[in-house]
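This is what each chain is made of:
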Amino acid sequence: MQIWGKVLGVLFGFMFGRIPGAILGLIVGHMFDRGYSRDFNQMGGFSRFFANQDDVKSQAIFFHALFSVMGHIAKADGKVTDAEIRIATNLMDQMGLQGDVRREAQQAFREGKASDFPVDDTLTEFVQSCHGKRDILQVFLEILIQAAYVDGHLDKKESDVLEKVAKKLNFKQHELLYLLSMYEAEMRFRQSGRHSRGHGNRNQTSGYDAKQNLSDAYKILGVQTNDDAKSIKRAYRKLMSEHHPDKLISKGLPKQAIELSKAKTQDIQSAYELIKQLKGFK
């Protein structure tokens with residue numbers, strides 16, 4: 001129950017109007033508490049996950065939108081697979097969502113699976129809550145792309161939903177295609193990295209694997225094979241800056257979601273190191 005509005009109302013009312021002022025302050029404070037509670041209770045348990053109340057509403061909207069739209073994408077092909085449920089569960093684990101907050105995330109995921117889920121309204125509210133900040137919107141979209149690829153591929157219905165989501169987030173089709181291509185390259189790059197570690201080093205992979213690996217490294221950085229060292233370094237630094245945890249937090253990304261962007265920065269770093277090694281520049 002919210003009481004601070006009443007407490008402050010009484011104190012300030014008493015200071016300026018003694019007993020009558022305190023009574024008036026109590027009434028005004030009660031009205032404030034009711035409105036405050038109603039606004040944030042709409043976000044359910046998510047609001048209790050944040051210590052800074054200034055950011056409660058926008059960050060609660062982020063999580064509700066993320067898991068509900070994730071459920072919407074999972075149901076796009078007509079059924080929700082065990083793998084899709086697992087990735088939602090894994091995301092909750094990575095974010096450290098427990099207790100009531102975790103139940104709210106699960107409920108949001110279920111809401112997204114409903115046939116009448118208001119995806120447009122949900123995304124509009126999300127975009128407004130983060131003031132259209134491109135960095136936050138892109139991380140949000142990248143997490144959804146990761147969820148959509150949980151079974152290793154993207155089917156037509158899932159692709160259609162992602163395209164609709166991207167459009168509501170103000171991403172053009174070619175920008176979505178770039179992010180999809182980049183994530184596919186990241187998946188292969190990670191797999192190649194695991195394979196090479198199993199054999200001692202990356203150079204022991206087959207000729208085809210090495211060629212594909214380098215190609216994927218260029219895609220991850222968004223550069224061309226004939227780009228010079230300066231251009232490649234500039235692209236690398238830009239990507240690292242865009243995904244830097246401190247920068248994302250300062251722009252409003254919940255700290256609990258930062259872990260999800262760390263894998264991408266590791267891919268960017270590894271891709272750049274591979275290109276540097278094979279290109280022979282510092």
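None of the values given here were measured: they were computed from a predicted structure.

So, how was this worked out
- Residues numbered from 1 in each chain as written.
- Predicted model: local features only at pLDDT ≥ 70, side-chain atom pairs only at ≥ 80, totals over all residues.
- Heavy atoms only, no water.
- Helix = DSSP H or I, 4+ residues; strand = E, 2+ residues; numbered from the N terminus.
- Buried < 20%, exposed > 50% of the residue type's maximum accessible area, 1.4 Å probe, protein only.
- Contact = heavy atoms within 4.5 Å.
- Expected span 1.5 Å × (residues − 1).
- Salt bridge = Lys/Arg side-chain N within 4 Å of Asp/Glu carboxyl O.
- Phe/Tyr/Trp six-rings, centres within 6.5 Å; stacked < 30°, edge-to-face > 60°.
- Axes fitted to C-alpha atoms, helices over the stretch in contact; angles between N-to-C directions.
- Nonpolar A, V, L, I, M, F, W, Y, C, P; charged D, E, K, R; others polar.
- Left-handed = near helix turned anticlockwise from the far one by under 90°.

A. Broad picture of the overall build of the protein. When helices and strands are counted, the protein shows 12 helices and 0 strands. The order of α-helices and β-strands along the protein, N terminus first, is α-α-α-α-α-α-α-α-α-α-α-α. Burial status across the protein gives 42% buried among its 282 residues. The contacts in the protein between residues at least 6 apart in sequence include a share of 70% that link residues at least 24 apart.

B. Quick peek at helix H6 (residues 134–148). Between its terminal C-alpha atoms H6 stretches 21 Å, which fits the 21 Å expected from 15 residues at 1.5 Å a residue. Counting buried positions along H6 yields 13 of 15 residues, so the element is predominantly enclosed.

C. Looking closely at the pattern of salt bridges. Counted under the stated rule, the structure contains 9 salt bridges. Lys-164 is paired through a salt bridge with Asp-120; the nearest N and O atoms lie 3.9 Å apart. Residue Lys-164 is found in helix H7 (residues 156–168), and its partner Asp-120 is found in helix H5 (residues 119–129); the two are separated by 44 residues along the sequence. Relative accessible area serves as the criterion here: at 41%, Lys-164 is assigned to the partly exposed category. Overall, Asp-120 belongs to the partly exposed group, its relative accessible area being 31%. The salt bridge involving Lys-156 is made with Asp-160; its shortest N-O contact spans 2.9 Å. One end of the pair is Lys-156 and the other is Asp-160, both in helix H7 and 4 residues apart, which spans about a single turn.

D. How the structure looks around the packing of aromatic side chains. One pass over the full model with this rule turns up 6 aromatic pairs. Taking the centre distance of 5.8 Å and the plane angle of 75 degrees together, the rings of Phe-62 and Phe-140 count as edge-to-face. Remark: Phe-140 occurs in helix H6 and Phe-62 occurs in helix H2 (residues 56–74); sequence separation between them is 78 residues. For the pair Phe-62 and Phe-140, one class covers both residues: buried. Summarising the aromatic geometry, the rings of Tyr-236 and Tyr-272 are spaced 4.0 Å apart at their centres and angled 5 degrees between planes, so their arrangement reads as stacked. In this pair, Tyr-236 sits in helix H10 (residues 229–242) while Tyr-272 sits in helix H12 (residues 259–279), placing the two residues 36 residues apart along the sequence.

E. Representation of unusual backbone geometry within the structure. Positive phi values are uncommon outside glycine, yet His-131 reaches one of about 55 degrees. Overall, His-131 belongs to the exposed group, its relative accessible area being 66%. Phi is positive for Asn-170, which is not a glycine, with a value near 70 degrees. Tracing the backbone through its elements, the reader meets Asn-170 in the loop between H7 and helix H8 (173–198).

F. Molecular detail of the packing of H5 against H6. At a closest axis distance of 10 Å, the pairing of H5 and H6 adopts a crossing angle of 140 degrees. Contacts from Leu-123, Phe-126 and Val-127 of H5 reach H6 at Ile-136, Leu-137 and Phe-140. Of the residues that constitute the contact of H5 with H6, the class distribution is 6 nonpolar, no polar and no charged.

G. Summary view of the packing of H5 against H7. Orientation of H5 relative to H7, taken along the N-to-C sense of each, is 35 degrees, at an axis distance of 9 Å. The interaxial crossing formed by H5 with H7 has right-handed handedness. Residues Val-119, Asp-120, Leu-123, Thr-124 and Val-127 of H5 form the contact with H7, whose own contacting residues are Lys-164, Val-165 and Lys-168. In terms of residue class, the contact of H5 with H7 is made up of 4 nonpolar, 1 polar and 3 charged.

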